[in-house]
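One letter stands for each residue in the lines below.
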Amino acid sequence: MNETLLLIGGKSVPAADNRLYHRLNPVTGQPATRAAASSVSDAGAAAKAAADAFLAWAATGPGKRRELLLRAADILLAHERHFIAGMIAETGATEGWAAFNVAFGASILREAGSMTTQVNGEIIPSDVPDNLSMGFRQPVGVCLGIAPWNAPVILGVRAIAMPLACGNTVVLKASESCPAVHGLIGLVLQEAGFPDGVVNVITNDPHDAAAIVGELIDHPSVRHINFTGSTRVGRLVAERAARNLKPVLLELGGKAPLIVLDDADLDAAVNAAAFGAFMNQGQICMSTERIVVEERIADEFVARLSAKASALPLMDPAQGPTVLGSVVDEQSADKVTKLIEDAVEKGARLCSGGKRVGTLMHATVLDGVTPAMRIYAEESFGPVVTVVRVNGDEEALRSANDTEYGLSAAIFSRDIVRAWNMARRVESGICHINGPTVHDEPQMPFGGVKASGYGRFGGRAAIEEFTTLRWISVQTGSRHYPF
């Protein structure tokens, strides 16, 4: 069983009152991790440690920051087997998904390292004679990163890498579902040589989450919050931050549509749909949830997709390599099962899957889904995808946009101009033509619209999120005053 302590001020420490909590393996129900259950005072101590380290870190040159981020990437890769074991035990992830998380997490650190010299300013012409005016970017201060469990290495690293690159200090609030994985990220950065207090990691009992997050948002030293998770919790985070007049970057839920037009390459569309819907058991913010298909090609598309879904292997990932592993817990499995049952009761056709053994769920395809069914609107966050049949481009667009969410989308067509014109009208922060809805790269501006949040992770866009723009002027000559 994993043992996880808090990382505060460069030291691995227990919770102030020595409280612990256990994260259970979702497949076996046995304890996977025994983690420190931080109190409100521990959260405050982490914020204070980050504040105490801020001035020295902000003054650290970009070359040194780059050096440490690149070293952290190498160390992260060196700990691959520990991350993989942690993800399998805590979240039921497959070995392949866990290995991808480690590789992508290292890429995020390297991209952040490349951005340390890209925090640019500008000279702005002034109407005042002999006045040099500059737009100057500088770190915001202590950044709170709240990361989820579903891609824990990717999203845990993403929550802190660019803030560090920009000269901020950080507190990572680990997910209650993967304390060991998120705790290991902090230890990797500490091993890389980040100064004490620059990186702090807090784990907590699920029952204490609201109090811990509230304390961190309210803490006067915390100047910026980024949150990745559900829209419901994201709203609560945004409301709390708004009361403190603190900026927030939110990457929230999704209901990613994949539009298949009548001239699409069906094999390519089927492969992208299966990957987007079932990778990590559909537990990705960009997961393909709604496939919008032209009626003329729908029968053939559904037949091919159902055959592919039915052939995907499913097993406990601790027993060996598999395509489908476990969903994160019984509650999630129950929710997905109820969504499927509701759709079938209301007339949807179950084309594949629909079965489960505990938290192991078969890949499921539902055809003929309508707005009367819960799964039409609700994010499933599980291995199930719905098919909505339409006639024509305008109906396809209406169906794709008929959701409160707007994170990722995809369009398949051999006519690129047709797809491009449609992509410009899809209400999402991200849209891929002839590619899957699940696609991310560290240098890309990643984020959503509508109930999928606001702000952008990745590359230059993230610099704007994690720095503050100031106007600094220098009067180089005498200045006229009216009195």
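Residues numbered from 1 in each chain as written. Predicted model: local features only at pLDDT ≥ 70, side-chain atom pairs only at ≥ 80, totals over all residues. Heavy atoms only, no water.

**Q** Would you mind showing me how to read the environment of Ile225 here?
**A** Secondary-structure assignment places Ile225 in strand β11 (residues 222-228). Taking relative accessible area as the criterion, Ile225 reaches 0% and is therefore assigned buried. Among all residues touching Ile225, those that are not within four sequence positions of it are Leu144, Ile146, Ile217, Val237, Ala241, Lys246, Pro247, Val248 and Leu249. (Helix = DSSP H or I, 4+ residues; strand = E, 2+ residues; numbered from the N terminus. Buried < 20%, exposed > 50% of the residue type's maximum accessible area, 1.4 Å probe, protein only. Contact = heavy atoms within 4.5 Å.)

**Q** Sorry if this is basic, but what is going on with empty space enclosed by the protein here?
**A** Which parts of space are left empty comes out when a probe the size of a water molecule is rolled across the atoms. Counting across every chain of the model gives two cavities of 30 Å³ or more. The space that makes up the largest cavity amounts to roughly 110 Å³. For the largest cavity, the lining is made up of 14 residues, of which Ile108, Arg158, Pro442, Phe457 and Gly458 are closest to its centre. Counting only elements with at least two residues in the lining of the largest cavity, the list comes to α4 (95-114) and α5 (152-165). When residues in the lining of the largest cavity are grouped by element, the largest group, four residues, is from α4. Looking at side-chain class alone, the lining of the largest cavity contains eight nonpolar, two polar and four charged residues. If you add up the space inside the second largest cavity, you get close to 70 Å³. The wall of the second largest cavity is formed by 15 residues, among which Pro257, Tyr405, Gly406, Leu407 and Ser408 lie closest to the centre. Taken together, the elements giving at least two residues each to the lining of the second largest cavity come down to β13 (256-260) and α13 (393-401). In the lining of the second largest cavity, the residues fall into six nonpolar, six polar and three charged. (1 Å grid on protein atoms, 1.4 Å probe; cavity = no way out; pocket = protein on both sides within 12 Å on 5 of 7 lines; lining within 4 Å. Points joined across faces, edges and corners; volume = space filled by probe spheres on them. Nonpolar A, V, L, I, M, F, W, Y, C, P; charged D, E, K, R; others polar.)

**Q** Looking at this structure, how should I read the packing of aromatic side chains?
**A** In this description, a pair of aromatic rings is defined by centroid distance and the angle of the planes. With the rule as written, the count across this model stands at four aromatic pairs. Ring centres of Trp57 and Phe194 lie 5.4 Å apart, and the angle between their planes is 45°; on these two criteria the pair is classed as tilted. Note that Trp57 is positioned in helix α1 (residues 40-58) and Phe194 in the loop between α6 (179-192) and β10 (199-202), a separation of 137 residues in sequence. Like Phe194, Trp57 is buried. Over the face of the ring belonging to Phe457 we find Arg158, whose NZ or CZ atom lies 3.8 Å from the ring centre. Taking the ring centre of Tyr376 as reference, the NZ or CZ of Arg290 above it sits at 3.9 Å. (Phe/Tyr/Trp six-rings, centres within 6.5 Å; stacked < 30°, edge-to-face > 60°. Lys NZ or Arg CZ within 6 Å of the ring centre and 35° of its normal.)

**Q** So what exactly am I meant to see when it comes to the layout of surface pockets here?
**A** By volume, the largest pocket is sized at about 1400 Å³. Lining of the largest pocket is provided by 42 residues; of these, Trp149, Gly229, Ser230, Arg232 and Val233 occupy positions nearest its centre. The dominant element in the lining of the largest pocket, judged by the number of residues it contributes, is helix α8 (residues 231-243), at six residues. The residue inventory of the lining of the largest pocket, partitioned by class, reads 20 nonpolar, 12 polar and 10 charged.

**Q** I tried to follow the packing of helix α9 (residues 266-278) against helix α10 (residues 295-310) on my own but got confused; where do I start?
**A** The geometry of a pair of packed helices is captured by two quantities: the angle between their axes and the separation between those axes. In the contact formed by α9 and α10, the axes pass within 10 Å of each other and the chain directions differ by 50°. Classed by the angle they form, the pair α9 and α10 counts as oblique. The hand of the α9/α10 crossing is right-handed. Residues Leu266, Asp267, Ala269, Val270, Asn271, Ala273, Ala274 and Phe278 of α9 pack against Ile297, Glu300, Phe301, Arg304, Leu305, Lys308 and Ala309 of α10. Its residues assigned to classes, the contact of α9 with α10 comprises 10 nonpolar, one polar and four charged. (Axes fitted to C-alpha atoms, helices over the stretch in contact; angles between N-to-C directions. Parallel < 35°, antiparallel > 145°, perpendicular 65-115°, else oblique. Left-handed = near helix turned anticlockwise from the far one by under 90°.)

**Q** Please clarify how the pattern of salt bridges should be interpreted in this entry.
**A** Opposite charge on two side chains permits pairing when their charged atoms draw close. Going through the model one piece at a time under the given rule, you end up with 28 salt bridges. Notably, a salt bridge pairs Arg71 with Glu67, separated by 2.6 Å at the nearest N-O pair. Placement of both Arg71 and Glu67 in helix α2 (residues 62-78) is noted, with a separation of four residues, approximately one turn of the helix. Glu378 serves as the salt-bridge partner of Arg374, at 2.9 Å between the closest nitrogen and oxygen. The class of Arg374 is partly exposed, set by a relative accessible area of 34%. By relative accessible area, which is 29% here, Glu378 ends up partly exposed. Look at the salt bridges and you will find they share partners, linking Asp262, Asp263, Glu294, Arg296, Asp393 and Arg418 into a network. (Salt bridge = Lys/Arg side-chain N within 4 Å of Asp/Glu carboxyl O.)

**Q** Explanation requested: helix α15 (residues 459-466) in the structure shown.
**A** By the burial criterion, the buried members of α15 are Gly459, Ala462, Ile463 and Phe466. On an axial view of α15, the arc spanned by its buried residues comes to 110°, and they lie on one face. Residues of α15 that are exposed and angled more than 90 degrees away from the buried face: Arg460 and Glu464. (Arc of directions from axis to C-beta.)

**Q** Sorry, what's going on with the sheet that holds strand β7 (residues 131-139) here?
**A** Adjacent strands of a sheet pair through backbone hydrogen bonds, lying either parallel or antiparallel. As summarised here, the arrangement of the three strands in space is β6-β7-β23, forming an open sheet in which the pairing is antiparallel. Unpaired on one side and paired on the other, β6 (122-124) and β23 (467-475) mark the two borders of the sheet. Going across the sheet, the axis of each strand differs from the next one's by a mean of 30°, ignoring polarity. Inspection of the sheet shows β7 paired to β23 by nine bridges, in the antiparallel sense. In the sheet register, Gln138 faces β23, and the bridge partner there is Thr468. Packed on one face of the sheet, α15 meets β7 and β23 and runs near 70° to β23. (Pairing = 2+ DSSP bridges.)

**Q** Honestly, the sheet that holds strand β18 (residues 364-367) in this entry has me stumped. Any pointers?
**A** If you trace the seven strands from one edge of the open sheet to the other, you get β15-β18-β19-β14-β13-β20-β21, paired in mixed fashion. The outermost strands of the open sheet, each flanked by one partner alone, are β15 (349-352) and β21 (432-433). Bridge count between β13 and strand β20 (residues 410-412): three bridges; the pairing is parallel. Bridge assignment links Ile259 to a residue of β20, and that residue is Ile411.

**Q** Please explain the pairing of β13 as it appears in this structure.
**A** Moving residue by residue along a regular strand, the side chains alternate between the two faces of the sheet. Across the five residues that make up β13, a large majority, five, are buried. Residues of β13 alternate between two faces, with Ala256, Leu258 and Val260 on one and Pro257 and Ile259 on the opposite face, all of them buried. Pairing between β13 and strand β14 (residues 288-294): five bridges, direction parallel. In the strand pairing of β14, Val260 is matched with Val293. Since β13 and β14 lie parallel, the crossover through α9 that links them has a hand, and here it is right-handed. (Right-handed = clockwise from strand over helix to strand, strands pointing away.)

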